[in-house]
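Report on the structure
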Amino acid sequence: MAIQKKHGKGRLDKWYKLAKEKGYRARAAFKLIQLNKKYGFLEKSKVVLDLCAAPGSWCQVCAETMPRDSIIIGVDLAPIKAISKVITFQSDITTEKCRATIRTHLKTWKADCVLHDGAPNVGTAWVQDSYNQAELALHSLKLATEFLVEGGTFVTKVFRSKDYNSLLWVLNQLFTKVHATKPPSSRNVSAEIFVVCLGFKAPKRIDPRLLDPRSVFEDLAAPAPNNEAKVYNPEVKKRKREGYEEGEYIQFKEIAASEFIQTTDPIAILGQYNRLAFDQAKNGDVALAALDRLPETTDEIRLCCADLKVLGRKEFKLLLKWRLRVREIFGFPTKKTAKTPLAEEVAVVENMDEELMIQEELQRIKDKESSKKKKERRKENEKKQKEIVRMQMNMTAPMDIGMEQEGPMGDGSMFRLKALDQTDTMRRIAKGKMTKVVETDTRRDRDSGIGSSGDTDESDDDGDRLEQELDNMYDDYRERKAASDAKYRAKKARKEHGDDEWEGVSASEEEDSDDEDALQEDSSDDSDSEGDEDAGKSLLRDLDNTPNDESGLSKRARGFFNQDVFQSIPGLLDELDLEEEEDEDEEDEDEDEEEEDDAMEESDDDIPTIEEQRKLRKEKSALKSKKDNGSFEVAKQAEEDDWEETEKKAKKDGKPNIDIVTAEAMTLAHQLALGEKSVHDIMDEGYNKYAFKDRDGLPDWFLDDEGRHDKPHKPITKEAASAIKEKLRAYNARPIKKVAEARARKKFKQAQKLEKLKKKADLLAGDEGMSEKEKATSIAKLISAAGRKKRRQPVKVVKAQGLNRGLSGRPKGVKGRYKMVDPRMKKEMRALKRVAKRK
Ligand SMILES: C[S@@+](CC[C@H](N)C(=O)[O-])C[C@H]1O[C@@H](n2cnc3c(N)ncnc32)[C@H](O)[C@@H]1O
């Protein structure tokens, strides 16, 4: 990376130019812009305190970005040129006076955001500079703790130094989130970084030591340098830079090689120094001279000593061995000679290899562990990311995310939602149907024995949950669709009224009717859970006043068979429309029943199941009971039908007037009319491969989708198709509603006129004072006057000039119809007419 020049033209980088272009007073403006882009704290702030604001570019950014009428206060040691909508004053932020001035400006307000971009007079020693910076940041933090609102944001500039970590620790105590970042516009050569602290905790009492530079920066002892790591693992690069060590301001350090031989802590020397020197001082060092001349001090050893910072573990080992040998030669105690004193030193040297091995082993295990953890974390993050994407695409519900984590909702916890979710209870709770939830749960308990249900089939847990989730998602999808699609709403409403298309007698319908019977027979038997469920269903059915009639047909199907075309077919009506039969006399009924019985006997061969026979028998008995009860139910049914139904059922000659709207129906009608098909054929067709499908326990979404396709294809003839087409064309050819209404109005008015005329003529005719001739002439006059068209009043043309110029509304003194015209246009029109006449 190319290093930018710190002085002269090098400073005038793109941000400098951009700042000039945009009218910002300093390039620093972009630092705030970039920080705000990342964390978005300015848009939601109404009060901002900018500490160390001169020349004022941050204030400019605030004024631009914050909502209108926000309060911005800028303070600096240096004067700040006035900025509109910004209060500025000159003060030292470390003083009590500054604090008081801010208080007078803010009155009772609290700041949503405190910014600090202060830089003390830099240019002295680096350590001093960085310390001053950290101290200044701490002072600004002190002001922030006083003026920030709870949950507010504090942004400060700091330099990376040994004080940085202490400062960060303090910030972490006071804010919920602390982010250290370096915006792109901050120069790479600058050690500055910005710390954005979000969510001020606003503690009631803050320990004064927390904001005291002396205790914050000095109390914490600097950690001892890890020289072992440097020597045993020199290849491992250090990622975390901590700045300069306390008291260590020299970059290059060297020590006499003899010191290395004599020391009891050779590792410290190898870790801290850059070079082991053999250079002789003026007075001379005997030990060093001897060392220099030793044959053990080979060229390789000299080379290693020349730059310790580039050595690897092998080289360090070499130096340590060399040191031991020299110590032996010089007579210093070593592990071989050390039978007596200086056990401490011997121990260090002795354990070198073993320790090295242990260290290595430890390091390896640690590395392995951390890489494993990292991998797991990454996997987890990827999974979560995928979940989020799935959720954004409406493929999953938000509650799935994070469910895998243990916690109040995790496995085995009291509030575990996973198990609850399996029972569809979550959705019901969300809909507020608590009573049902309780009912279902107690029932479950009763069924399975308390405490046993959850544990019996652990392996099915996830499958069940998945199915439940799918069901819930499908319900949501349907609700969403219903909300946006009027057609779908109408369809749903029809469904709720039991007005489905007839797809033959389905297994489920049979079951339903069986269940109902069973309930009637033994309503008290509720020990069986299925029976309970059915009871629940039948309860709902009672409220829904659209009985699924005993013939097993939907309303729509019944309506279909009520059409005129089917009336002539003997037996069909009796079987399908029970209400109609109420009006017929007893004889007819008996005949019909006989026919029905015959039909049943005839079709016995065709019907494969005994169940069906039972069903037909039930139908018959139901029919009889209805007859016994009289017309009560029919009347009730008619009363409770909705307007749509009433309209549909508008009766013609006591029979419903239902239109044939599909080609299938038309084909069927033709076939029935021509005798190509009988009622038995129709019944027979009801038993198709789809009719007895087992739909038990299948999810709604699956049944709905299946329902669209598992229908027998009914044949249609060309004639029927064209007849329907013709019919539709006739429908489309009808005048639109407005025209029809206008025509009806006209007719109505004419009828009213005629009525009036009649009355007048009657009066004239009854006038005894008039002769017959007179009467006749006056009536003739009346009639001719009525027949005469009223002359429409001509439109009066009014010039839009003088008082009428630009007038909106009726001009003064004008009655009747009028039209405002431009006088020039009028003239021009006249002229045109004149010219045309002349031609
Ligand atoms: C980098 S400048 C700030 C730039 C400013 N954010 C802007 O956008 O224009 C640093 C400022 O800190 C101010 N400063 C340093 N120590 C201060 C103190 N104790 N009180 C007030 N201001 C101080 C300096 O006067 C200097 O103007």
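From a predicted model like this one, the values you see are computed outputs, not experimental measurements.

**A short note on the site of the ligand**
Taken together, the neighbourhood of the ligand is formed by 18 residues, with S57, W58, D76, D92 and D117 sitting nearest. One nitrogen or oxygen atom from the main chain of A53 is found 3.4 Å from an oxygen atom belonging to the ligand. Interatomic distance of 3.4 Å between a backbone N/O atom of A54 and an oxygen atom of the ligand. Isolated, the ligand exposes 600 Å² of accessible area, and the fraction of that covered by the protein chains is 84%. Residues belonging to the shell around the ligand are distributed by class as follows: 10 nonpolar, four polar and four charged.

**Details of helix α11 (residues 286–293)**
Spacing of three or four residues puts side chains on the same side of an α-helix, whose turn is 3.6 residues. Listing the buried residues of α11 in full gives L288, A289 and L291. Angularly, the buried residues of α11 cover 160° about the axis, an arc narrow enough to put them on a single face. Opposite the buried face of α11, by more than 90 degrees, sit the exposed residues V286 and R293. Turning to α11, the residues buried within the fold contact β8 (254–256), α9 (257–262), β9 (275–277) and α13 (313–330).

**Focus on the pairing of strand β5 (residues 148–159)**
In terms of residue burial, β5 counts as a mostly covered element, since nine of its 12 residues are buried. Where strand β4 (residues 111–116) and β5 come together, five bridges link them in parallel fashion. Note that in β5 the partner of L115 across the bridge is V155. Of the pairings in the sheet, the one linking β5 to strand β7 (residues 192–200) comprises six bridges and is antiparallel in character. Each bridged residue has a counterpart across the sheet, and for F159 the counterpart in β7 is E192.

**Quick word on the pattern of salt bridges**
For the structure shown, the criterion picks out 15 salt bridges. For the salt bridge of E726 with R729, the shortest nitrogen-to-oxygen distance reads 3.1 Å. Residue E726 and its partner R729 are located together in helix α35 (residues 718–733), separated by three residues, close to a single helical turn. A salt bridge links E772 to K775, with the shortest nitrogen-to-oxygen separation between them at 3.4 Å.

**Some points on the side chain of D76**
Its location among the elements puts D76 in strand β2 (residues 71–76). No salt bridge is formed by the buried D76. Its closest oppositely charged neighbour is K157, at 9.6 Å. Only 2.8 Å separates the side chain of D76 from the backbone nitrogen of A54, close enough to count as a polar contact. A distance of 2.7 Å separates a polar side-chain atom of D76 from the backbone nitrogen of A78. Residues contacting D76, with those up to four places away along its chain left out, are C52, A53, A54, F89, Q90 and S91.

**Notes on the UniProt feature "binding site: S-adenosyl-L-methionine" (unreviewed entry) in the protein chain**
Following the UniProt record, one finds the feature "binding site: S-adenosyl-L-methionine" (unreviewed entry) at G56, W58, D76, D92 and D117. Counting through the fold element by element, G56 comes out in the loop between β1 (47–51) and α3 (57–65). When near neighbours in sequence (up to four residues on either side) are disregarded, G56 contacts R25, I80 and I83. Since its relative accessible area comes to 13%, D117 is described here as buried. Ignoring any residue separated from it by four or fewer positions in sequence, one finds D117 in contact with A28, L51, C52, W58, K157 and F194.

**Quick word on the packing of aromatic side chains**
For the structure shown, the criterion picks out 10 aromatic pairs. A ring pair is formed by F154 and F175, whose centres lie 6.1 Å apart and whose planes are at 15°; its orientation type is stacked. Separated by 21 residues along the polypeptide, F154 in strand β5 and F175 in strand β6 (residues 175–181) bring together distant segments of the chain. Comparing F154 with F175 shows no difference in burial state: the two are buried. Measuring from ring centre to ring centre gives 6.3 Å for F260 and W322, while their planes differ by 20°; the resulting arrangement is stacked. In this pair, F260 sits in helix α9 while W322 sits in helix α13, placing the two residues 62 residues apart along the sequence. Overall, the relative accessible area of 0% leaves F260 in the buried class. What makes W322 buried here is its relative accessible area of 1%. Of the aromatic side chains, those joined through ring pairs into one cluster are W15, Y24 and F30. One cation-aromatic arrangement involves K253 over Y273; the distance from NZ or CZ to the ring centre is 5.9 Å. Above the ring of F278, the side-chain terminus of R302 is found at 5.2 Å from the ring centroid.

**A short note on unusual backbone geometry**
Here the residue pair A54 and P55 is connected by a cis peptide bond, since its omega of 0° sits within 30 degrees of zero. With respect to the helices and strands, P55 occurs in the loop between β1 and α3.

**Looking at the nonpolar core**
Ranked by internal contacts, the top residues of the largest apolar core, which has 39 residues, are I102, L141, F154, L171 and F175. By residue number, the principal contributor to this core is helix α5 (residues 126–147), which donates eight residues. Once you skip the residues sitting within four places of it in the chain, I102 turns out to touch L49, L51, F89, L143 and F147. Y39, A53, W58 and A63 belong to the second-largest nonpolar core, a separate cluster that totals 30 residues.

**Structural notes on the sheet that holds strand β3 (residues 86–90)**
Pairing is mixed across the open sheet formed by seven strands, whose spatial order is β3-β2-β1-β4-β5-β7-β6. The open sheet is flanked by β3 and β6, the only strands paired with a single partner. Direction aside, the axes of adjacent strands within the sheet are offset by 15° on average. In the packing of α3 onto the sheet, the strands contacted are β1, β2, β3, β4 and β7, and the crossing angle to β2 comes to about 180°. Sitting on the sheet, helix α4 (residues 96–106) is in contact with β1, β2 and β3, with an inclination near 160° to β3.

**Some thoughts on a nonpolar patch on the surface**
A cluster of nonpolar side chains, contributed by M825, M829 and L832, occupies part of the molecular surface with about 320 Å² of accessible area. Mapped onto the fold, L832 is located in helix α38 (residues 823–838).

**Some remarks on the state of the cysteines**
Tallied over the full model, the rule gives zero disulfides. C98 supplies the cysteine sulfur nearest to C52, a cysteine that is in no disulfide, at a spacing of 8.6 Å. With no disulfide of its own, C304 lies closest to C305 among cysteine sulfurs, the gap being 6.8 Å.

**As for the confidence of the model for the protein chain**
Looking at the protein chain, the pLDDT average stands at 72 and 62% of residues meet or exceed 70. For residues 624–650, every residue scores under 50 in pLDDT, and the model assigns this stretch 30 contacts once sequence neighbours within four places are set aside. Complex prediction metrics read pTM 0.35 and ipTM 0.98.

**Examining the environment of D700**
Tracing the sequence through the fold places D700 in helix α34 (residues 700–709). For D700, a relative accessible area of 38% corresponds to the partly exposed category. Separated by 226 residues in sequence, D700 and Y474 have C-alpha atoms that sit 7.8 Å apart. Leave out the neighbours within four places in its chain, and D700 touches D471, Y474, D475 and R478.

**Topic: the side chain of T145**
With respect to the secondary-structure elements, T145 resides in helix α5. For T145, a relative accessible area of 14% gives the class buried. At 2.5 Å, the side chain of T145 and the backbone oxygen of K142 are in polar contact. Setting aside its immediate chain neighbours within four residues, T145 contacts L174, F200, I206 and L211.

Cut-offs used in this document
- Residues numbered from 1 in each chain as written.
- Predicted model: local features only at pLDDT ≥ 70, side-chain atom pairs only at ≥ 80, totals over all residues.
- Heavy atoms only, no water.
- Near = heavy atom within 4 Å.
- Polar contact = N/O pair within 3.5 Å; in protein donor to acceptor, adjacent residues only side chain to side chain.
- Areas by Shrake-Rupley, 256 points an atom, 1.4 Å probe, with all protein chains shown as cover.
- Nonpolar A, V, L, I, M, F, W, Y, C, P; charged D, E, K, R; others polar.
- Buried < 20%, exposed > 50% of the residue type's maximum accessible area, 1.4 Å probe, protein only.
- Helix = DSSP H or I, 4+ residues; strand = E, 2+ residues; numbered from the N terminus.
- Arc of directions from axis to C-beta.
- Contact = heavy atoms within 4.5 Å.
- Pairing = 2+ DSSP bridges.
- Salt bridge = Lys/Arg side-chain N within 4 Å of Asp/Glu carboxyl O.
- Lys, Arg positive; Asp, Glu negative; His and termini not counted.
- UniProt positions renumbered as here; feature names shortened; annotations may be inferred.
- Phe/Tyr/Trp six-rings, centres within 6.5 Å; stacked < 30°, edge-to-face > 60°.
- Lys NZ or Arg CZ within 6 Å of the ring centre and 35° of its normal.
- Core = buried A, V, L, I, M, F, W, Y, C linked by side-chain atoms within 4.5 Å.
- Axes fitted to C-alpha atoms, helices over the stretch in contact; angles between N-to-C directions.
- Patch = residues over 30% accessible without salt bridge, like charges linked within 9 Å, V, L, I, M, F, W, Y side chains within 5 Å.
- Disulfide = S-S within 2.5 Å.
- pLDDT = per-residue confidence, 0-100.

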